[in-house]
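# Observations on the model geometry
Below, each chain spelled out in residue letters.
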Amino acid sequence: DRAAAELTEHGGEKAAIAIKTTDSVHKTAVVTREGWTVGGMAKGAGMLAPGLATMLVVLTTDADVPAADLDTALRAATRTTFDRVDSDGCMSTNDTVLLLASGASGVVPDTAAFAEAVRTVCDDLARQLIGDAEGASKDIRIEVVGAAGEDDAVEVGRSIARNNLLKCAIHGEDPNWGRVLSAIGTTSAVFEPDQLNVAINDVWVCKNGSVGEDRELVDMRYREVRITADLAAGTESAVIWANDLTADYVHENSAYSS
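Anyway, here's the lowdown on the structure attached to this text. (Residues numbered from 1 in each chain as written. Predicted model: local features only at pLDDT ≥ 70, side-chain atom pairs only at ≥ 80, totals over all residues. Heavy atoms only, no water.)

## Some thoughts on the overall build of the protein chain
- Looking only at helices and strands, the protein chain features eight helices and ten strands.
- Taken against the 2.2 N^0.38 rule, which gives 18 Å for 258 residues, the C-alpha radius of gyration of the protein chain at 20 Å falls within 12% of a compact globule.
- Expressed as lengths along the three principal axes of its C-alpha atoms, the size of the protein chain is roughly 65 × 45 × 30 Å.
- Sequence separation of 24 or more characterises 75% of the internal contacts of the protein chain that already satisfy a separation of 6 or more.
- Summed over its atoms, the accessible surface of the protein chain is roughly 12,700 Å², and 51% of this surface lies on carbon and sulfur atoms.
- Within the protein chain, one finds 22 positive and 41 negative side-chain charges whose respective centroids are separated by 4 Å. (Helix = DSSP H or I, 4+ residues; strand = E, 2+ residues; numbered from the N terminus. Rg over C-alpha atoms; globule rule 2.2 N^0.38 Å. Contact = heavy atoms within 4.5 Å. Areas by Shrake-Rupley, 256 points an atom, 1.4 Å probe, with all protein chains shown as cover. Lys, Arg positive; Asp, Glu negative; His and termini not counted. Charge placed at Lys NZ, Arg CZ, Asp CG, Glu CD.)

Dropping the structure here:
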């Protein structure tokens, strides 16, 4: 009864704050087009991995869109946003992304424009989740290019994202491209070891599976670290977002009993 009495069209921010657990900040995003809007809130800071995670996301729109089109737009958006966020490779059981439409604006948007707006909001929220990951000091953008297929690119990107030795090296600001190669080597992707190329913050430290440009040229002082892995096996690509592994992450997940 108390919650119902406090319902208001201005309650979005309070709702985003209310769903926080170990989040340090609340997460919202909004896109406004001609006569209609898509907005959303997200919760999550740990156990973020595609499939299942302690991630809760609610998107709403006042556009007049049928349920089937909402489903299509959301599945397309999550495939390249939330499904490609990998903080620690751990999964829980209450991963949820919802898209609700009220139709209150009375506007029926162009299908492609609506799908683009949904994807933009999802991408914004997904990046906020990584940016607030437990204990993280680096956001790692892993782009796999030159893959024989998209599935190969995603598999390689996820393997790099989940390599704890690499995540520790990134935390120590060590451009250790050997860790990247070892992660690639655990996958079933198509590649030849002597054709692999790896760049860290746009410096190609590995060329043709061997030493490339001087690793001392890699500047890792800033929050975002960019890893590019070129499989030289095709034309497909994918981006996975991850973060480093820190003592703060270990502390946050060991200092309590659950």
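## Focus: unusual backbone geometry
- In this structure, Asp 202 takes a positive phi of about 70° despite not being glycine.
- Within the fold, Asp 202 resides in the loop between β6 (197–200) and β7 (203–207).
- According to the relative accessible area criterion, Asp 202 is exposed, its value standing at 54%.
- Phi angles above zero are rare outside glycine, and Ala 232 is one such case at about 50°. (Buried < 20%, exposed > 50% of the residue type's maximum accessible area, 1.4 Å probe, protein only.)

## With respect to the packing of aromatic side chains
- Taken as a whole and judged by the stated rule, the model has one aromatic pair.
- The interplanar angle of 50° and the centroid separation of 5.8 Å between the aromatic rings of Trp 36 and Phe 114 together place this pair among those described as tilted. On the criterion of sequence distance, the pair formed by Trp 36 in strand β2 (residues 36–43) and Phe 114 in helix α4 (residues 111–131) is long-range, its members being 78 residues apart.
- Classification of Phe 114 as buried rests on a relative accessible area of 3%.
- One cation-aromatic arrangement involves Arg 127 over Trp 241; the distance from NZ or CZ to the ring centre is 3.7 Å. (Phe/Tyr/Trp six-rings, centres within 6.5 Å; stacked < 30°, edge-to-face > 60°. Lys NZ or Arg CZ within 6 Å of the ring centre and 35° of its normal.)

## Brief notes about the environment of Gly 135
- Within the secondary structure, Gly 135 is located in the loop between α4 and β5 (139–147).
- Exposure remark for Gly 135: the relative accessible area of 19% places this residue in the buried category.
- Between the C-alpha atoms of Gly 135 and Asp 124, which are eleven residues apart in sequence, the distance is 20 Å.
- Excluding residues within four positions of it along the chain, Gly 135 makes contact with Thr 246, Asp 248, Tyr 249 and Glu 252.

## A word on the environment of Val 250
- Secondary-structure assignment places Val 250 in helix α8 (residues 247–252).
- Residue Val 250 is classed as partly exposed on the basis of its relative accessible area of 48%.
- Note: C-alpha distance between Val 250 and Gly 135 (115 residues apart in sequence) is 7.9 Å.

## A short note on α4
- In this model α4 runs 30 Å from its N-terminal to its C-terminal C-alpha over 21 residues, within 8% of the 30 Å that 1.5 Å per residue would give.
- Every buried residue of α4 is listed here: Phe 114, Ala 117, Val 118, Val 121, Cys 122, Leu 125, Ala 126, Leu 129 and Ile 130.
- Two to three positions downstream of the cap, the backbone nitrogen of Ala 112 sits 3.1 Å from a side-chain oxygen, assigning the N-cap of α4 to Asp 110. (Expected span 1.5 Å × (residues − 1). Polar contact = N/O pair within 3.5 Å; in protein donor to acceptor, adjacent residues only side chain to side chain.)

## Concerning the pattern of salt bridges
- Counted under the stated rule, the structure contains 16 salt bridges.
- Close ionic contact of Asp 219 with Arg 221 constitutes a salt bridge, the shortest N to O distance being 2.7 Å.
- The exposure class of Asp 219 is partly exposed, given its relative accessible area of 32%.
- Given a relative accessible area of 57%, Arg 221 falls into the exposed group.
- The network of salt bridges with common partners includes Asp 23, Lys 27 and Asp 132. (Salt bridge = Lys/Arg side-chain N within 4 Å of Asp/Glu carboxyl O.)

## Considering the sheet that holds β2
- The sheet built from four strands is open, its strands ordered β1-β2-β3-β4 with mixed pairing. For this open sheet the edge positions go to β1 (27–33) and β4 (96–101), each flanked by a neighbour on one side alone. The mean inter-strand angle of the sheet, taken between neighbouring strand axes irrespective of direction, is 10°.
- Across the sheet, helix α3 (residues 67–79) lies against β3 (56–61) and β4, angled at about 145° from β4, the strand it touches most. (Pairing = 2+ DSSP bridges. Axes fitted to C-alpha atoms, helices over the stretch in contact; angles between N-to-C directions.)

## A look at the sheet that holds β6
- Read across the open sheet, the six strands follow the order β8-β7-β6-β9-β5-β10; overall the sheet is mixed. Both outer strands of the open sheet, β8 (210–211) and β10 (236–243), are each paired with one neighbouring strand and no more.
- Bridge analysis of β6 against strand β9 (residues 224–230) gives four bridges, and the strand direction is antiparallel. In the sheet register, Val 198 faces β9, and the bridge partner there is Ala 229.
- Across the sheet, helix α5 (residues 150–161) touches β5, β9 and β10, and the angle it forms with β10 is around 20°.
- Against the sheet, helix α7 (residues 177–185) touches β6, β7, β8 and β9, its axis set at about 135° to β6.

None of this, on its own, says anything about what the molecule does.
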